[in-house]
Amino acid sequence: MEQKNGSSFTGFILLGFSDRPQLELVLFVVLLIFYLFTLLGNTTIIALSYLDPHLHTPMYFFLSNLSFLDLCYTTSTVPQLLVHLRTADKSISFSGCVVQLFVFLGLGCTECILLGVMAFDRYAAICKPLQYTMIMHPRLCALMASASWFIGFGNTSLQTMLIFIVPLCGRNKIDHFLCEIPALLKLACVDTTVYESEMFFASVIILLVPVTLIIFCYGQIISAVLRIKSSGGQRKAFGTCGSHITVVSLFYGTAIYAYLQPSNNYSQDQGKFISLFYTIVTPMVNPVVYTLRNKNVMGAMKKVLWMGQDSR
């Protein structure tokens, strides 16, 4: 990293929504409520998957991973944003910015891969029901989950290193509420075409490879479900996949918009609100979608609540 990037200033200023002071209080209240629901919902999923033996299956193993990931994902940005919304000091140290980008981007990349793995699990359950327990062996599930985290953070290590070697020439005001690649590239005082190409290529791999797997899996799933003669069986099969499709659509739709569009079309204002969506709304919605549309999770929740009442 060039000296002028690291020694001419001690950190960055996250401008966030400071140009809309009347909006900051509203955002603070809304985001605080969303964040609390995110913590509650995802913690509930993890606890139920651990406490109820009926949920000790590959599907809920991956769902627990997703919930833990979402907890970390939203916590990497939202608490700091809440503080910045209520104080005049909107600074973040240089090392803090590096860590935030690394953690935030790493968790996002991991979620991309994990959603693809979860689609494969649904494919095996519906298209290969007789071989499902043999295919989705606990060791394979642990290996696929570990690979998701390893690949996600491996890719992020490279991207983080690349973004922080871009010369900034002392510029330190980031027009965003977090340290994110498109906003950081706006600070560069050199041509960033090469850097943008490298970032775009990495994003295409991380985003589109899992999307391709998901499309393939659900193509096979739809074909298999349509061969089921009973309408009740079709509804049950589609019901087990509906939650995952909803989550995939929410997450990938916003991520592709943010990372796979040309930089000259990138709007800072749109980028901020899109980032708000996938940093706080999606992690909050995930447990709601999985609990309200899943009889097993709702049953486990009632069982745990009744046990708590009986113990009194």
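Residues numbered from 1 in each chain as written. Predicted model: local features only at pLDDT ≥ 70, side-chain atom pairs only at ≥ 80, totals over all residues. Heavy atoms only, no water.

Here we take up helix α5 (residues 94-127). A rise of 1.5 Å per residue sets the reference length of α5, with its 34 residues, at 50 Å; its end C-alpha atoms lie 49 Å apart and thus fit the reference within 8%. Within α5, 25 of the 34 residues are buried, which leaves it mostly tucked inside the rest of the structure. (Helix = DSSP H or I, 4+ residues; strand = E, 2+ residues; numbered from the N terminus. Expected span 1.5 Å × (residues − 1). Buried < 20%, exposed > 50% of the residue type's maximum accessible area, 1.4 Å probe, protein only.)

What follows concerns the environment of Phe12. Structurally, the position occupied by Phe12 is in strand β1 (residues 11-14). What makes Phe12 buried here is its relative accessible area of 0%. Separated by 160 residues in sequence, Phe12 and Asn172 have C-alpha atoms that sit 4.7 Å apart. Setting aside residues up to four positions removed in sequence, Phe12 forms contacts with Lys90, Ser91, Ile92, Phe94, Cys97, Phe164, Leu168, Arg171, Asn172, Ile174 and Leu187. (Contact = heavy atoms within 4.5 Å.)

By size, the foremost hydrophobic cluster in this structure holds 86 residues, and its most contacted members are Phe12, Phe62, Leu115, Ile174, Leu184 and Tyr252. Apart from the residues within four sequence positions on either side, Leu184 is in contact with Cys97, Leu101, Ile163, Phe164, Leu168, Ile174 and Cys179. (Core = buried A, V, L, I, M, F, W, Y, C linked by side-chain atoms within 4.5 Å.)

With that settled, the discussion passes to the side chain of Arg122. Note that Arg122 resides in helix α5. Judged by relative accessible area, Arg122 falls into the buried class, the value being 9%. Polar contacts involving the side chain of Arg122 include one to the side chain of Asp121, which spans 3.0 Å. (Polar contact = N/O pair within 3.5 Å; in protein donor to acceptor, adjacent residues only side chain to side chain.)

For any pair of aromatic rings, the description rests on two quantities: the centre-to-centre distance and the angle between the ring planes. Here the structure, examined in full by the defined rule, presents 13 aromatic pairs. When the centroid spacing of 6.2 Å and the interplanar angle of 5 degrees are considered together, the rings of Trp149 and Phe153 count as stacked. Within this pair, Trp149 and its partner Phe153 are both found in helix α7 (residues 138-163), separated by 4 residues, close to a single helical turn. Just above the ring of Phe17 sits the side chain of Lys272; from NZ or CZ to the centre is 5.8 Å. (Phe/Tyr/Trp six-rings, centres within 6.5 Å; stacked < 30°, edge-to-face > 60°. Lys NZ or Arg CZ within 6 Å of the ring centre and 35° of its normal.)

The next point concerns the sheet that holds β1. Strands sit in the order β2-β1-β3 across an open sheet of 3 strands; the sheet is mixed. Among the strands making up the open sheet, the edge pair consists of β2 (91-93) and β3 (173-174). In this structure, β1 lies alongside β3, joined through 2 bridges in parallel fashion. Residue pairing for β3: Leu14 is matched across the bridge by Ile174. (Pairing = 2+ DSSP bridges.)

The next point concerns the packing of α5 against helix α9 (residues 193-226). In contact at an axis separation of 9 Å, α5 and α9 are set at 15 degrees when each is read in the N-to-C sense. The orientation of α5 relative to α9 falls into the category roughly parallel. As α5 packs across α9, the resulting crossing turns out to be left-handed. On α9, the residues touching Cys109, Cys112, Ile113, Leu115, Gly116, Ala119, Phe120, Arg122, Tyr123, Ile126 and Cys127 of α5 are Ile206, Leu207, Pro210, Leu213, Ile214, Cys217, Tyr218, Gln220, Ile221, Ala224 and Val225. Among the residues making up the contact of α5 with α9, the classes are represented as 19 nonpolar, 2 polar and 1 charged. (Axes fitted to C-alpha atoms, helices over the stretch in contact; angles between N-to-C directions. Parallel < 35°, antiparallel > 145°, perpendicular 65-115°, else oblique. Left-handed = near helix turned anticlockwise from the far one by under 90°. Nonpolar A, V, L, I, M, F, W, Y, C, P; charged D, E, K, R; others polar.)

This brings us to the pattern of salt bridges. Counting across every chain of the model gives 4 salt bridges. One salt bridge connects Asp19 with Arg20, and the closest N-O pair in it is separated by 3.7 Å. Its relative accessible area of 23% is what places Arg20 among the partly exposed residues. A salt bridge links Glu24 to Lys90, with the nearest nitrogen and oxygen atoms 3.3 Å apart. (Salt bridge = Lys/Arg side-chain N within 4 Å of Asp/Glu carboxyl O.)

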